[in-house]
Amino acid sequence: MSDARKYVDQWLRDAHAMEKQAESILEGQVSRIKNYPELAERMQAHLEETISQRKRLEACIERRGISTSGVKDVSAKFTAMMQNLGGVFAGDEVVKGVLASYAFEAMEIASYRILAEAAMAEGDFETAQLCKEICQEEEAMADWLKEHMPRITTAFLGHAASENADAKR
Ligand code: MG
Ligand code: FE
């Protein structure tokens, strides 16, 4: 097996684990957000997109005949980092959640750019196309977060005066 093929297989498994992690982080965030309807709506939309990304990756993994036995190990590698990103229950969790989501999207964008290039090098243009397509969805989410960050911050500071923890998220 060529090196490119070997690494594309490995990185597709990593991407699949990453999307499963994204799914659980987004579910958690959507369920906890109370006072930021725009943010909740965009995250819900990206959650649905993320589930579709996972399914498209599964079809790709199946088409390439990749064994998925290593998936669980890979997923564990992400878990520690993602707990820091997704599980912040402090008073400023909305702001920290936006920060963490932006960082997560940057990781996804890099992952798919690398995968698309490696798949091209291997000659699997269908996989390269899929990775470019998913990358665009991640870029759209990153752009949305970047654009809305100031207004979410301002809204948070407005809510922050409240003693009620629920009012802040
Ligand atoms: Mg994703
Ligand atoms: Fe994403």
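Please read all numbers here as calculations on a predicted model, not as lab measurements. (Residues numbered from 1 in each chain as written. Chains lettered and ligands numbered in written order. Predicted model: local features only at pLDDT ≥ 70, side-chain atom pairs only at ≥ 80, totals over all residues. Heavy atoms only, no water.)

Draft legend 1. Inspection of the overall build of the protein chain at higher detail. Secondary structure summary: the protein chain contains six helices and zero strands in total. Shown N-terminal to C-terminal, the secondary structure of the protein chain runs as helices and strands in the order α-α-α-α-α-α. A burial count over the protein chain gives 44% of its 169 residues as buried. Taking all contacts inside the protein chain whose residues are at least 6 apart in sequence as the whole, residues at least 24 apart take part in 81%. Here the protein chain has roughly 8,800 Å² of accessible surface; of this, 54% comes from carbon and sulfur atoms. (Helix = DSSP H or I, 4+ residues; strand = E, 2+ residues; numbered from the N terminus. Buried < 20%, exposed > 50% of the residue type's maximum accessible area, 1.4 Å probe, protein only. Contact = heavy atoms within 4.5 Å. Areas by Shrake-Rupley, 256 points an atom, 1.4 Å probe, with all protein chains shown as cover.)

Draft legend 2. Seen up close, the packing of helix H1 (residues 3–32) against helix H4 (residues 93–122). Between H1 and H4, the least distance of the axes is 10 Å, while the angle of their chain directions is 160 degrees. The angle between H1 and H4 falls in the class roughly antiparallel. Between H1 and H4 the crossing geometry is left-handed. Taken together, the residues of the contact of H1 with H4 break down into 15 nonpolar, four polar and six charged. (Axes fitted to C-alpha atoms, helices over the stretch in contact; angles between N-to-C directions. Parallel < 35°, antiparallel > 145°, perpendicular 65-115°, else oblique. Left-handed = near helix turned anticlockwise from the far one by under 90°. Nonpolar A, V, L, I, M, F, W, Y, C, P; charged D, E, K, R; others polar.)

Draft legend 3. Examining the coordination of the magnesium ion (ligand 1) more closely. For the magnesium ion (ligand 1), every protein donor is listed as Glu19 (OE), Glu19 (OE), Gln53 (OE1), Glu108 (OE) and Glu138 (OE), and the spread of their distances is 2.0 to 2.4 Å. Within one chain, the residues donating to the magnesium ion (ligand 1) are spaced in sequence as E-x33-Q-x54-E-x29-E. Between the two metals, the magnesium ion (ligand 1) and the iron ion (ligand 2), the spacing is 3.2 Å, and Glu108 donates to both. On the criterion of sequence distance, the pair formed by Glu19 in helix H1 and Glu138 in helix H5 (residues 125–160) is long-range, its members being 119 residues apart. As far as the burial class goes, Glu19 and Glu138 line up, both buried. (Donors = N, O, S within 2.8 Å, 3.2 Å for Na, K, Ca; no water.)

Draft legend 4. Up close: the state of the cysteines. Applying the stated criterion to the full structure yields zero disulfides. The thiol sulfur of Cys60 is not disulfide-bonded, and the nearest other cysteine sulfur, from Cys131, lies at 6.4 Å. (Disulfide = S-S within 2.5 Å.)

Draft legend 5. Structural context of the packing of H4 against H5. Contact geometry for H4 and H5: axes closest at 8 Å, N-to-C directions at 160 degrees. With respect to H5, the axis of H4 lies roughly antiparallel. H4 and H5 meet at a crossing whose hand is left-handed. A per-class count over the contact of H4 with H5 returns 21 nonpolar, two polar and seven charged.

Draft legend 6. The arrangement of the pattern of salt bridges in detail. Counted by the stated rule, this structure contains 15 salt bridges. Two residues, Arg56 and Glu133, come together in a salt bridge whose shortest N-O distance is 2.8 Å. Of the two residues, Arg56 sits in helix H2 (residues 37–63) while Glu133 sits in helix H5, which places them 77 residues apart along the sequence. Among the salt bridges present, the one from Glu93 reaches Arg169, with a minimum N-O distance of 3.4 Å. Of the two residues, Glu93 is situated in helix H4 and Arg169 in the segment after helix H6 (165–168); the sequence distance between them amounts to 76 residues. By relative accessible area, which is 22% here, Arg169 ends up partly exposed. Within the structure, one salt-bridge network assembled from shared partners comprises Asp9, Arg63, Arg64, Glu122, Asp124 and Glu126. (Salt bridge = Lys/Arg side-chain N within 4 Å of Asp/Glu carboxyl O.)

Draft legend 7. Seen up close, the side chain of Glu137. Among the secondary structure elements, Glu137 is positioned in helix H5. Setting aside chain neighbours within four positions, we find Glu137 in contact with His46, Glu49, Gln53 and Arg56.

Draft legend 8. Region of the structure containing the nonpolar core. One finds Leu12, Ala15, Leu57, Tyr112 and Leu115 to be the most contacted residues of the largest nonpolar core, which totals 21 residues. When residues of this core are traced back to their parent elements, those giving at least two are H1, H2, H4 and H5. In this structure, Leu115 is in contact with Val8, Trp11, Leu12, Ala15 and Cys131, ignoring residues within four places of it in sequence. With 15 residues, the next largest nonpolar core counts Tyr36, Val98, Trp144 and Leu145 among its residues. (Core = buried A, V, L, I, M, F, W, Y, C linked by side-chain atoms within 4.5 Å.)

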